[in-house]
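Summary of structural features
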Amino acid sequence: MKLMLTVSMFAALAAGPVFAACAVPDGAVQIPDGTAATREEMIAAQKAVVAYDAAVKSYSDCLQQEQEAKIAAGGDKAKIQLEYSKLNNVQVEKVQQLANKFNAELKAYKAKSAG
């Protein structure tokens, strides 16, 4: 009986945190003032926003894998889903705010360029 308990404990530990903690993406993207920015600055900002969006997508995928692993290890499914949903939503909201800011500055840049 003790042997079975020891074996099951090792199995539980091995099945535990299979994935390392997901790294939160760095959202320190600088969006230039569209009324004063150069074309190159706007292109660089666009590339940075796209790269940040991709990093958030990778983060979301990592969170999904961690969530599934914790549930498979016997965790409280509802509690784990809520926890990971909150973590994901924070980053999705940040990327959306950054995209909105970029789009507003792009609109200002285009208005300046048209005039």
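Model, not experiment: these values are computed from the prediction. (Residues numbered from 1 in each chain as written. Predicted model: local features only at pLDDT ≥ 70, side-chain atom pairs only at ≥ 80, totals over all residues. Heavy atoms only, no water.)

**Quick word on the confidence of the model for the protein**
Stated precisely, the cut-off is as follows: On a range of 0 to 100, pLDDT expresses the predictor's confidence in each residue. The secondary structure listing takes helices from DSSP runs of H or I that are at least 4 residues long and strands from runs of E that are at least 2 residues long, numbered from the N terminus. Two residues qualify as a contact provided that any one of their heavy atoms is within 4.5 Å of a heavy atom in the partner residue.
Summarising the model, the protein shows a mean pLDDT of 86, and 82% of its residues fall at 70 or more. Across the protein, element-level confidence peaks in helix α2 (residues 39-72) with a mean pLDDT of 97 and bottoms out in helix α1 (residues 2-15) with 42. With pLDDT under 50 throughout, residues 1-19 is counted as low confidence; its partners more than four residues away or in other chains account for four contacts.

**Thoughts on α2**
Under the convention used in this document: Helix span, expected: 1.5 Å multiplied by one less than the number of residues in the helix. In this scheme, a residue with accessible area under 20% of its type's maximum is buried, one over 50% is exposed, and one in between is partly exposed, where area comes from a 1.4 Å probe on protein chains only.
The first and last C-alpha atoms of α2 sit 50 Å apart over 34 residues, in line with the 50 Å expected at 1.5 Å per residue. Buried within α2 we find Met-42, Ala-45, Val-49, Tyr-52, Val-56, Tyr-59, Ser-60, Cys-62, Leu-63, Glu-66, Gln-67 and Ala-69. Its buried side turned inward, α2 meets α3 (77-114).

**Notes on α3**
Inclusion rule: The definition of a polar contact used here is a pair of N or O atoms within 3.5 Å, where within protein one atom must be able to donate a hydrogen and the other to accept one, and adjacent residues in sequence count solely through side-chain atom pairs.
In a regular helix each residue adds 1.5 Å, so 38 residues correspond to 56 Å; α3 covers 54 Å between its end C-alpha atoms and thus fits that length. Residues Ile-80, Tyr-84, Asn-88, Gln-91, Val-95, Leu-98, Phe-102 and Tyr-109 constitute the buried set of α3. As for α3, its buried residues are in contact with α2. Sitting at the head of α3, Asp-76 places a side-chain oxygen 3.3 Å from the backbone nitrogen of Ala-78.

**Describing the environment of Leu-63**
Considering the arrangement of structural elements, one finds Leu-63 in helix α2. What makes Leu-63 buried here is its relative accessible area of 4%. The spacing of Leu-63 and Ala-21 is 42 residues in sequence and 8.4 Å in space, taken between C-alpha atoms. In this structure, Leu-63 is in contact with Cys-22, Tyr-84, Leu-87 and Asn-88, ignoring residues within four places of it in sequence.

**Brief notes about the pattern of salt bridges**
Side-chain pairing between opposite charges can occur once the charged atoms of the two side chains come close. Formally: Salt bridge, as used here: a side-chain nitrogen of Lys or Arg that lies within 4 Å of a carboxyl oxygen of Asp or Glu.
All told, the structure shown has one salt bridge when counted by the stated rule. A salt bridge links Asp-61 to Lys-57; its shortest N-O distance comes to 2.8 Å. With Asp-61 and Lys-57 both in helix α2 and four residues apart, this pair spans about one turn of that helix. Residue class for Lys-57 comes out partly exposed when judged on its relative accessible area of 49%.

**Quick word on the nonpolar core**
We apply this condition: Think of a nonpolar core as a cluster: buried Ala, Val, Leu, Ile, Met, Phe, Trp, Tyr and Cys residues, connected wherever their side-chain atoms sit within 4.5 Å.
Val-29, Ile-31, Ala-37, Met-42, Ala-45, Val-49, Tyr-52, Val-56, Val-95, Leu-98, Phe-102 and Tyr-109 together form the largest nonpolar core, which totals 12 residues. Elements that contribute at least two residues to this core include exactly α2 and α3. In terms of residue count, α2 provides more of this core than any other element does, five residues in total. Apart from residues no more than four positions distant in its own chain, Met-42 is found in contact with Pro-32, Gly-34, Ala-37, Phe-102, Glu-105, Leu-106 and Tyr-109. With six residues, the next largest nonpolar core counts Tyr-59, Cys-62, Leu-63 and Ile-80 among its residues.

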